[in-house]
Amino acid sequence: MVEVTLIEASRRAVLQEMRVDSRVWVLGEDVARGGLWGQYQDFLAEFGEQRVVSTPISEATIMGAGLGSALVGMRPVIEMRIFDFVMCAMDELVNQIAKVRYMFGGQAKPAVVVRMPHGMWRNSAAQHSQMLEAWFAHLPGVIVVTPATPADAAGLLVQAIRSDDPVLFFDPKDLFWVTGEIAEPIEPIPFGVARKVTAGDAATVVTWSAAVPVATKAAELLATEGIKVDLLDLRTIWPWDQAAVIASVKKTGRLLVVHEAVEVAGFGAEVVARVVDQVGTTNLKAARRLAAPRVPVPFAPPLEAQLRLSPEKVVNAVKGLLAA
Amino acid sequence: MSDAGDNLRRLTGLYRMMARIRAFEETALAAHKAGEIPGPLHVSIGQEAVAAGICGNLRIDDRLTSNHRGHGHAIAKGADPRRMMLELFGRAGGYCRGKGGSMHIADFSVGMLGANGVVAGGIPIAVGAAQGLKMQQSDAIVTCMFGDGAVNRGPFLEGLNWAVLYKLPVLFVCEDNGVAAFTRADTVTAGPGVIDRAKALGVAAISIDGNNALAVDDAAQVAVTAVRRGEGPHLLHVRTYRITGHTSTDAAAWRPAEEVEEARARDPIARLGAVLAERGVEPSELGRMIDDARAEMAAARGEANAAAWPEPAVAFEDVQDTGAVAWSKSH
Ligand SMILES: Cc1ncc(C[n+]2csc(CCOP(=O)(O)OP(=O)(O)O)c2C)c(N)n1
């Protein structure tokens, strides 16, 4: 085991896979210089400029060229630099990558990984802070990965690179310098398996990505008051671990979904709907969401702070749930 | 065999290919009008010399990306018109198991990486495929077909720039039929056109008469050779004319009748037929090639009409390996 930051864990995951599989290559802006986040540091020296390709600022072609290479047997890691720029490559992602296998009757599997660092980070304002992972859970044909720890980022990235399905990998910007232990070699973590962070009978709290450490802190605070919750980090929102969530809610009878993205039509709505459907209203005392209001992310720190989750907000939401 | 004999065989092959493309599309049009083919159908009647002339110079392991008007490209690249017709009819035996239709024909076994329902959508895919092939040290090339309407979309600029930067083996083909859907392309395209745009980015580019199959064939041969030798991307601007409307249901009545008549007089199949006749090919032989092509496509239509639809569960297949939803009767 070795203690590293989340971004370094992700760097080691790609490095490990590139060493064993010559079909894997990285393309994106500035990646030959290590990438905006240092997530490809020293790759150029080891793999050369054909496999570590600094591209022009051409998001549509970064995405589409990644796909084209996959159609001739390569396994690209497509780096979007910051999630919000994927908007410039939506045709290539939504109409092409997510469709080729189906539309062509299974003739090709686009084995691409699209990395999209997302979420609020150092007051980056409305065009550099978004969390729209729910959009992509809505999109048939793709896997949606939303890790929160170094070990999960590494293991899920290894799984993503080995996957024949297209994988949308939401790197959590705000957690890049959080440290944690990873095993080497890095073992793949299967998609759709939640991680139980804390265990308890009082309520089920479901979360993912940057909300995980906030909810974890909240669970610790609640525990000091004798309130123990099942805290589940979904890790991937498509597929998502319905069995684990449903089993937990059957036990606790109370569900809170916590996410950094906007609440309206967020993925929390899907979780709640599915749980209501599967658990039934007799055994379910309350099912709620704690998420952002439906406003863009503002710049000024006190403004942004209103949108952010906090352990206190989560604690209060759980207490409200228990009172219901 | 003498050079002249080789050449004649090549021209006859071009003629036969154009006749098959024309027959395929005329048959499909008739089937669409008869209600046998669902969905939109874009045919390329009058443009056959482009597909035949370009693709005749490609190897089977060369890749091709195409657009919404791509039946000819697919047939010329070696796709089987029977399975294409089945796909147009939405039948289980079609190339895409009935899940793609006319706008999404693909045959990876002959390097045909797919038609595309999004204008310019094939351009980034083509450059990426070329980049992959280059990494694999293959000498296969990628041909990227798009219309004159595509040059006003961002991926055109991005893709050409990209192909030059990495010196990729891509042959860009701008199939210029003068119109983008219902709008004359020159009324919505600034500047002197695609050739100048390509040259400004360092792409070797020439313009040719796309209704002259020999000219297309010659130019393609030169360009394909250069691209395969590693000289970087090339662009062919191929000027042609779309005799029919944008889709099967569009009469394109806004065009003056004389303009269409004039274009008919430049019909690429008749023109190559005249050349072949001059070189001693009997009119009866030319007629036989047309008849054979029509019979081939009529048989494909008959087979498609009788063919089975896909099973309902097929709608749930080939979505993804992990996280796929299962089919059940209650959906
Ligand atoms: C991005 C996008 N915008 C609009 C359309 C609708 N559309 C389909 S074909 C077409 C015209 C394309 O013109 P061109 O590329 O010149 O091909 P042509 O139809 O003339 O053969 C349009 C606008 C589309 N398919 N994709």
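Residues numbered from 1 in each chain as written. Chains lettered and ligands numbered in written order. Predicted model: local features only at pLDDT ≥ 70, side-chain atom pairs only at ≥ 80, totals over all residues. Heavy atoms only, no water.

## Quick look at the overall build of chain A
Stage number 1. The number of helices and strands found in chain A is twelve helices and 14 strands.
Stage number 2. Seen through its principal axes, chain A has C-alpha atoms that stretch 60 × 45 × 40 Å.
Stage number 3. Buried residues in chain A amount to 61% of all 324 residues.
Stage number 4. Of the contacts formed within chain A by residues at least 6 apart in sequence, a portion of 82% connects residues at least 24 apart.
Stage number 5. Accessible surface for chain A amounts to roughly 11700 Å². Of this, 54% is attributable to carbon and sulfur atoms.
Stage number 6. If you average the places of the 31 positive and of the 35 negative side-chain charges in chain A, the two averages end up 5 Å apart. (Helix = DSSP H or I, 4+ residues; strand = E, 2+ residues; numbered from the N terminus. Buried < 20%, exposed > 50% of the residue type's maximum accessible area, 1.4 Å probe, protein only. Contact = heavy atoms within 4.5 Å. Areas by Shrake-Rupley, 256 points an atom, 1.4 Å probe, with all protein chains shown as cover. Lys, Arg positive; Asp, Glu negative; His and termini not counted. Charge placed at Lys NZ, Arg CZ, Asp CG, Glu CD.)

## A short note on the side chain of B:N57
Residues and elements named next belong to chain B.
Stage number 1. Here N57 shows up in the loop between α2 (48-55) and β1 (63-65).
Stage number 2. Polar contacts involving the side chain of N57 include one to the side chain of R10, which spans 2.7 Å.
Stage number 3. Those residues in contact with N57 that sit more than four places away from it in its chain are R10, D217, A220, Q221, V224 and R228. (Polar contact = N/O pair within 3.5 Å; in protein donor to acceptor, adjacent residues only side chain to side chain.)

## What to know about the interface of chain A and chain B
Stage number 1. Counting residues at the interface gives 44 residues for chain A, matched by 44 residues for chain B.
Stage number 2. For the pair chain A and chain B, the summed buried surface comes to about 3500 Å²; carbon and sulfur atoms form 60% of the total.
Stage number 3. Of all residues in chain A, A:V72, A:Y102 and A:Q107 bury the most surface against chain B, accounting for 19% of the area lost on that side.
Stage number 4. Across the contact surface, chain A and chain B share 20 residue pairs in polar contact (both at pLDDT 80 or more).
Stage number 5. Mapped by element, the contributors of at least two residues to the side of chain A that touches chain B are β2 (24-28), β3 (52-54), α3 (59-71), α4 (90-97) and α5 (100-103) of chain A.
Stage number 6. At ten residues, the largest contribution of residues to the side of chain A that touches chain B is made by α3(A).
Stage number 7. Here the side of chain A that touches chain B is composed, by residue class, of 21 nonpolar, 15 polar and eight charged. (Buried area = accessible area lost by both parts, 1.4 Å probe. Nonpolar A, V, L, I, M, F, W, Y, C, P; charged D, E, K, R; others polar.)

## As for the domain arrangement of chain A
All names here are of chain A.
Stage number 1. Each assigned domain of chain A is listed with its residue range as follows: domain 1 (2-182) and domain 2 (195-323).
Stage number 2. If you sort the residues of domain 1 by the area they bury against domain 2, M120, N123 and T146 come out on top, with a joint share of 29%.
Stage number 3. For the pair domain 1 and domain 2, the number of links is three salt bridges.
Stage number 4. Note that R195 and D152 form a salt bridge whose closest N and O atoms lie 3.1 Å from each other. (Domains from an automatic or database assignment. Salt bridge = Lys/Arg side-chain N within 4 Å of Asp/Glu carboxyl O.)

## Here we look at helix α9 (residues 257-265) of chain B
Spacing of three or four residues puts side chains on the same side of an α-helix, whose turn is 3.6 residues.
Residue and element names in this part refer to chain B.
Stage number 1. Looking at α9, one finds that the buried residues are E259, V260 and A263. Angular distribution of buried residues about the axis of α9 spans 95°; they occupy a single face of the element. Counted as exposed and oriented over 90 degrees from the buried face of α9: A257, E258, E262 and A265.
Stage number 2. Close packing links the buried residues of α9 with β5 (183-184). (Arc of directions from axis to C-beta.)

## Notes on the sheet that holds strand β4 (residues 75-79) of chain A
Residues and elements named next belong to chain A.
Stage number 1. With mixed pairing, seven strands are arranged side by side in an open sheet as β3-β2-β4-β5-β7-β6-β12. Lying at the two open borders of the sheet, with one neighbouring strand each, are β3 and β12 (236-238). Adjacent strand axes in the sheet meet at a mean angle of 20° when their direction is disregarded.
Stage number 2. As judged from the three bridges shared by strand β6 (residues 143-145) and strand β7 (residues 167-169), these two strands associate in the parallel manner. Across the sheet, residue I143 finds its bridge partner in β7, namely V167. (Pairing = 2+ DSSP bridges. Axes fitted to C-alpha atoms, helices over the stretch in contact; angles between N-to-C directions.)

## Some details on the sheet that holds strand β7 (residues 234-239) of chain B
Residues and elements named next belong to chain B.
Stage number 1. Within the open sheet, the five strands sit side by side as β1-β2-β3-β7-β6. Their pairing is parallel. Since the sheet does not close on itself, it has two edges, and those belong to β1 and β6 (204-209), each with one partner. Recorded for the sheet is a direction-independent mean angle of 20° between the axes of neighbouring strands.
Stage number 2. Across six bridges, β6 lies against β7 in parallel orientation. Looking at the pairing, A204 lines up with H234 of β7.
Stage number 3. Docked against the sheet, helix α5 (residues 122-135) engages β1, β2 (142-147) and β3 (170-176), running at close to 175° with respect to β2.
Stage number 4. Sitting on the sheet, helix α6 (residues 154-165) is in contact with β2, β3 and β7, with an inclination near 150° to β3.

## Let's talk about the packing of aromatic side chains
Stage number 1. In this structure the tally under the stated criterion is 17 aromatic pairs over all chains.
Stage number 2. Judged by centre distance (5.9 Å) and plane angle (90°), the ring pair of A:W240 and A:F267 falls under edge-to-face. Residue A:W240 is found in the loop between β12 and α9 (242-252), and its partner A:F267 is found in helix α10 (residues 267-279); the two are separated by 27 residues along the sequence.
Stage number 3. Residue classification places A:W240 among the buried residues on the basis of a relative accessible area of 5%.
Stage number 4. Judged by centre distance (5.8 Å) and plane angle (70°), the ring pair of B:F146 and B:F156 falls under edge-to-face. Of this pair, B:F146 sits in strand β2 while B:F156 sits in helix α6, placing them ten residues apart in sequence.
Stage number 5. A relative accessible area of 2% places B:F146 in the buried class.
Stage number 6. Each member of the aromatic cluster is reached from another via a ring pair, and the members are A:W37, A:W121, A:F176 and A:W177. (Phe/Tyr/Trp six-rings, centres within 6.5 Å; stacked < 30°, edge-to-face > 60°.)

## Describing the site of the ligand
Residues and elements named next belong to chain B.
Stage number 1. Neighbouring the ligand are 15 residues, the closest being H68, R69, G117, G149 and V179.
Stage number 2. Contacts to the ligand include H68, whose side-chain N or O atom sits 2.8 Å from an oxygen atom.
Stage number 3. Here an oxygen atom of the ligand sits 3.2 Å away from a polar atom, N or O, in the main chain of D148.
Stage number 4. Coverage of the ligand by the protein amounts to 72% of the 580 Å² it exposes when considered alone.
Stage number 5. Residue classes in the shell around the ligand are distributed as six nonpolar, six polar and three charged. (Near = heavy atom within 4 Å.)

## Observations concerning the confidence of the model for chain B
Stage number 1. This prediction gives chain B a mean pLDDT of 97; 99% of its residues lie at or above 70.
Stage number 2. In the predicted complex, the global pTM is 0.97; the interface-specific ipTM is 0.97. (pLDDT = per-residue confidence, 0-100.)

## Some details on the pattern of salt bridges
All names here are of chain B.
Stage number 1. Summed over the entire model, instances satisfying the criterion amount to 44 salt bridges over all chains.
Stage number 2. Taking the shortest distance from any N to any O, the salt bridge between E261 and R264 comes out at 3.8 Å. Of this pair, E261 and R264 are both found in helix α9, three residues apart, which corresponds to roughly one turn of the helix.
Stage number 3. By relative accessible area, E261 is classed as partly exposed at 49%.

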